[in-house]
Every structure is written in structure tokens, then in C-alpha cells.
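Okay, here's what each chain looks like letter by letter:
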Amino acid sequence: MTLPRIILVTGTDTGVGKTMTTAALAAALQQHGHAVAVYKPCQTGNNGGDSDMSEVLRLAGPLRAEAGIVLEEPMAPVPAAEIDGVALPPLLVHAERILSLASGHDYVLVEGAGGLLVELDHDGGTLAALGSVLGSRAGFVVVARPSLGTLNHTALTLEALERRGLHVSGVVLGQWPATPGLVERANRAALGSLGVPFLGALADGAAALEPDAFRERAASWFEGVAA
Ligand SMILES: Nc1ncnc2c1ncn2[C@@H]1O[C@H](COP(=O)(O)OP(=O)(O)O)[C@@H](O)[C@H]1O
Ligand SMILES: [Mg+2]
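This one's a predicted model, so the numbers in the text were calculated from it and none came from an experiment.

The rules we used
Residues numbered from 1 in each chain as written. Chains lettered and ligands numbered in written order. Predicted model: local features only at pLDDT ≥ 70, side-chain atom pairs only at ≥ 80, totals over all residues. Heavy atoms only, no water. Phe/Tyr/Trp six-rings, centres within 6.5 Å; stacked < 30°, edge-to-face > 60°. Buried < 20%, exposed > 50% of the residue type's maximum accessible area, 1.4 Å probe, protein only. Lys NZ or Arg CZ within 6 Å of the ring centre and 35° of its normal. Axes fitted to C-alpha atoms, helices over the stretch in contact; angles between N-to-C directions. Helix = DSSP H or I, 4+ residues; strand = E, 2+ residues; numbered from the N terminus. Left-handed = near helix turned anticlockwise from the far one by under 90°. Contact = heavy atoms within 4.5 Å. Nonpolar A, V, L, I, M, F, W, Y, C, P; charged D, E, K, R; others polar. Arc of directions from axis to C-beta.

1. Examining the packing of aromatic side chains
The geometry of an aromatic ring pair is captured by two quantities: the separation of the ring centres and the angle between the planes.
Here's step 1: According to the stated counting rule, one finds one aromatic pair in the structure shown.
Here's step 2: Here the aromatic rings of phenylalanine 214 and tryptophan 221 are separated by 5.3 Å at their centres, their planes lie at 70 degrees, and the arrangement is edge-to-face.
Here's step 3: Accessibility expressed as a relative area gives 6% for tryptophan 221, which makes it buried.
Here's step 4: Across from the ring centre of tryptophan 176, 4.7 Å away, lies the NZ or CZ of arginine 188, which sits over that ring.

So, in C-alpha cells, the structure goes:
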């Protein structure tokens, strides 16, 4: 399958491997000769050193990677902005920036905050709503865990996307163990027959790879993707 030019990377939860998947997709697309930009509408947790774009740059750079707004506390954007005493940019500001990046790059990867329905602005705007604004140019990649509970979480996220008429590019497992157990193997098989493309699985330990090794291996994690 081919990916849309704007790829919205969401997850079934926080900490499922969205940033790793974004970095791996960026590296894989660049290996195929594409110009890639990465955008994080709302980065939280700056006071603890969280910077998803720095992580993407470390693993897949050099490339253009930027955040729309950086907030100090490691919590959802709306309360984090309240604590910082700043206003979040409205969704349309993010959409304009993404479209501007798309005009100068082959692909733009957009990493959400937490899951699909986390609010990114003060009007209830979510990554799902950003997808609606961007329309047919954009598609969603859903990053899921391989462990017990993932089938329900993944189905809920896919149902929310379908209900809104949003395009699903496929599902990625963010952390596939070197020696998967019965549960992980059954989950992978089930996620592969949900009616949406199964794009691949990142090897567990990907985050600990040296950047050169990460870049070299990234394409092999997305075997179903023609870039
Ligand atoms: N494939 C992987 N191998 C090793 N560690 C991983 C892998 N994917 C994610 N991690 C680690 O798990 C944590 C959460 O991953 P991250 O990509 O930051 O998730 P998210 O962006 O969804 O919050 C990070 O500490 C990251 O380094
Ligand atoms: Mg992240």
C-alpha cells in the first residue's frame, strides 16, 4: 500500500510507541529518497526533558522536525497550558503549518499527544478533528501495543476514525518482542485481520539502537509499505 502525503500518527494510548513509529517511518521514507518533515502540534513534559521531535531528530535526522507549542508539565495539553498560563494554538494554525510543510516536502508526519481524542486546543479540537480539516490529503496510522487488552483499544480507535469518515492507513505495533508469547502472536494475527492494513511492527529494542542501525533497519519494519 502507499501512504498519504500527510500521515497522522495516533496511538491507542500514551507510551505505545508513537514517537518511535514516527521516527521509523521518517527514516524508512527518507531511505526511499523522500523529503520528510515531522510536526508535533503539542509537546508536553518539557520540564522532565520530554521532546519527541528531538528523539525523532536523533534517530532519523537530519530532517525538519518541529513542535507547534511546548508545555512544561507531563500531562494533557489543555491542563498543561493552563498551568503554564499560555493559550494553545487553534487547530487551524496547526493545519496551516502542516500544509505549509507539505508544500515543501514529499511527506509530513504528525504525531498526536496521547490518543486520538485528546484535546489539542481550547475548542475541543482533537487529532481526529485535525484529520477532518486536512481531508483526503491525510491518513491515520494507529500505533498499538502487542500485549493483552490491545484488541479492544485498537478497535475503539478504529471505530472512532471510521465514524468520522477518516482515512485509516493502517496499524503498527510499536514494540514487538524478540520472543513473542502466545498472547502477542494471537494479537498480531487478529490485528492483521481487522479490515485495515497491517503496516508492520517495530522490533523491541529499537529505541536503544544507534541511529545508524535504526535508520538501516527502519524500512524492514514496514514490509507492507511501498514508499
Ligand atoms: N520498539 C521499541 N523498542 C524499545 N523501546 C521502545 C520501543 N518503542 C517505544 N519504546 C520506548 O517506550 C517508551 C514510549 O515510546 P514512545 O515512542 O515515546 O511512545 P509515545 O510516543 O506513544 O508516547 C519510550 O521510552 C520509548 O523509548
Ligand atoms: Mg511520543
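On we go.
2. Looking at the packing of helix α1 (residues 18-31) against helix α2 (residues 52-60)
Here's step 1: Close contact between α1 and α2 brings their axes to 9 Å; oriented N to C, the two are set at 35 degrees. Two packed elements cross with a definite hand, and for α1 against α2 that hand is right-handed. Along the contact surface, α1 presents Thr19, Met20, Thr22, Ala23, Ala26, Ala27 and Gln30, while α2 presents Asp52, Glu55, Val56, Leu59 and Ala60.
Here's step 2: Taken together, the residues of the contact of α1 with α2 sort by class into seven nonpolar, three polar and two charged.

3. Describing α2
Here's step 1: What α2 keeps buried is the set Asp52, Met53, Val56, Leu59 and Ala60. Down the axis of α2, the sector holding all buried residues measures 130 degrees, keeping them to one side.
Here's step 2: Contacts made by the buried residues of α2 are with α1, β2 (36-43), β3 (64-70), β4 (107-111) and α8 (211-218).

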